[in-house]
Amino acid sequence: MIVLWLLGLAWFGLTVYAVGKLGVSVTRQHLQWLLIGHLITLLVSPFALHLLPTERFAPIVDAATLSDARVANRELLQSALRGRPSSVTGVHRTREWRFPMSGLALTVIGAVPQLPVVIEHKTGRDGIVEVALYRTPSIQDMVDISRQIPLPVELSFSVNALTVVQPVARGAHFLRFSPDAPAQALLLALEPQGVLPSVSLRGAQVLYIRIPANVEIKDPDPSLLFVDREGP
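Residues numbered from 1 in each chain as written. Predicted model: local features only at pLDDT ≥ 70, side-chain atom pairs only at ≥ 80, totals over all residues. Heavy atoms only, no water.

Undergrad: Describe the side chain of K122, listing the residues and the values that go with them.
TA: By the secondary structure assignment, K122 is in the loop between strand 3 (117–121) and strand 4 (128–135). Separated by 2.9 Å, the side chains of K122 and D126 make a polar contact. Excluding residues that lie within four positions of it along the chain, K122 makes contacts with I128, E130, R210, I211, P212 and A213. (Helix = DSSP H or I, 4+ residues; strand = E, 2+ residues; numbered from the N terminus. Polar contact = N/O pair within 3.5 Å; in protein donor to acceptor, adjacent residues only side chain to side chain. Contact = heavy atoms within 4.5 Å.)

Undergrad: Summarise the confidence of the model for the protein; cite the residues concerned and give the values.
TA: Scored by pLDDT, the protein comes out at a mean of 77, with 64% of its residues at no less than 70. Confidence scores differ between elements of the protein, with helix 4 (residues 181–190) showing the lowest mean pLDDT of 43 and strand 3 the highest of 95. Under a pLDDT of 50 for its full length, residues 179–197 has, in the predicted model, 5 contacts with residues more than four places off or in other chains. (pLDDT = per-residue confidence, 0-100.)

Undergrad: Explain the nonpolar core to me, using residue names and the numbers behind them.
TA: One finds L106, V129, V131, L155, L207, I209 and I211 to be the most contacted residues of the largest nonpolar core, which totals 22 residues. Breaking this core down by element, the ones donating at least two residues are strand 1 (92–100), strand 2 (105–109), strand 3, strand 4, strand 8 (161–165) and strand 10 (205–211). Setting aside chain neighbours within four positions, we find I211 in contact with L106, I119, E120, H121, K122, V129 and I217. Listed in part, the 12 residues of the second largest apolar core include A72, V118, Y208 and V227. (Core = buried A, V, L, I, M, F, W, Y, C linked by side-chain atoms within 4.5 Å. Buried < 20%, exposed > 50% of the residue type's maximum accessible area, 1.4 Å probe, protein only.)

Undergrad: Tell me what's going on with the environment of R202, and back it up with residues and numbers.
TA: By the secondary structure assignment, R202 is in the loop between strand 9 (200–201) and strand 10. For R202, a relative accessible area of 65% corresponds to the exposed category. Not counting residues within four places of it along the chain, the set of residues in contact with R202 comprises N73, Q114 and S138.

Undergrad: Would you mind going over unusual backbone geometry in detail, with residue names and values included?
TA: The phi dihedral of V159 falls on the positive side, at around 50°, and the residue is not glycine. Assignment of secondary structure puts V159 in the loop between strand 7 (154–158) and strand 8. Judged by its relative accessible area of 75%, V159 is exposed. Its identity as a non-glycine residue notwithstanding, N160 has a phi of 60°, on the positive side. Locating N160 in the fold gives a position in the loop between strand 7 and strand 8. Among the residues examined, N160 registers a relative accessible area of 16% and is labelled buried.

Undergrad: So, helix 3 (residues 63–81): which residues are in play, and what are the values?
TA: A rise of 1.5 Å per residue sets the reference length of helix 3, with its 19 residues, at 27 Å; its end C-alpha atoms lie 28 Å apart and thus fit the reference within 8%. Roughly 45° is the biggest bend found in helix 3, and it falls at E75. Of the positions making up helix 3, those classed as buried are L66, A69, A72, L76, S79 and A80. In this fold, the buried residues of helix 3 make contact with strand 3, strand 4, strand 5 (139–140), strand 9 and strand 10. The positive-phi residue at the C-terminal boundary of helix 3 is G83, with phi of around 85°. (Expected span 1.5 Å × (residues − 1). Bend = angle between axes of the 7 residues up to and from the residue.)

Undergrad: Help me get a handle on the sheet that holds strand 6 (residues 143–144), residues and values and all.
TA: Sheet strands line up and pair through hydrogen bonds in the backbone, either parallel or antiparallel. In space, the 3 strands of this open sheet follow the order 6-5-9, with antiparallel pairing throughout. What marks the edges here is a single partner per strand, and that holds for strand 6 and strand 9. In terms of strand pairing, strand 5 meets strand 6 through 2 bridges, oriented antiparallel. Bridging from a neighbouring strand, I139 pairs with D144 of strand 6. (Pairing = 2+ DSSP bridges.)

Undergrad: Which residues make up the pairing of strand 8, and what values do they have?
TA: The side chains of a regular strand alternate, residue by residue, between the two faces of the sheet. Where strand 2 and strand 8 come together, 3 bridges link them in parallel fashion. Bridge assignment links V108 to a residue of strand 8, and that residue is L162. Two successive antiparallel strands, strand 7 and strand 8, enclose a turn made up of 2 residues, where V159 displays a positive phi of approximately 50°.

What follows is the structure, given as structure tokens:
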């Protein structure tokens, strides 16, 4: 905050200096009101920032969190295939669905690229299909943007048929402020060929479906995966 405040003062000083060098005439009254308005803006800006909804800010992560996210990214699918999708540190259950069914056969319609669908048979026969979306953190330049990324699928259930639909793609936009941002910008200006280090991690996702013990998948798609609790 202090850095931004000082940069604002420096910008104002440079503006006054440039106006003087260019020979632009400005009345004393106009200059006085401009200075007063600028100072009021600098004084009020810290309080205005404190009023912003901080719960919507994307959190900054540390190196340990980034390391855990990478491990979770690698192990999510294997953990789901063993029937334990949430056992890995950093894996979150983003959303859940529950659908009642009356028959003994379930049809899964649709497939979304890069989204594994894992099916598990429950031990009971409660007539409920449970679906959950698990995913690991998505990190961009050490900022956790998981909450800013929309859900990759939408589900509908009708006549013992579960339909997976991929919604229209939407982008995730965010800003990141850091104390060393002006210095990094200066380095880029002095060295056009320089590339600042960037750390990004695309989170992994799994759609996990739990069906009653007496229900079978009708004409299963080859892309569907099934839980193997006896596997490694």
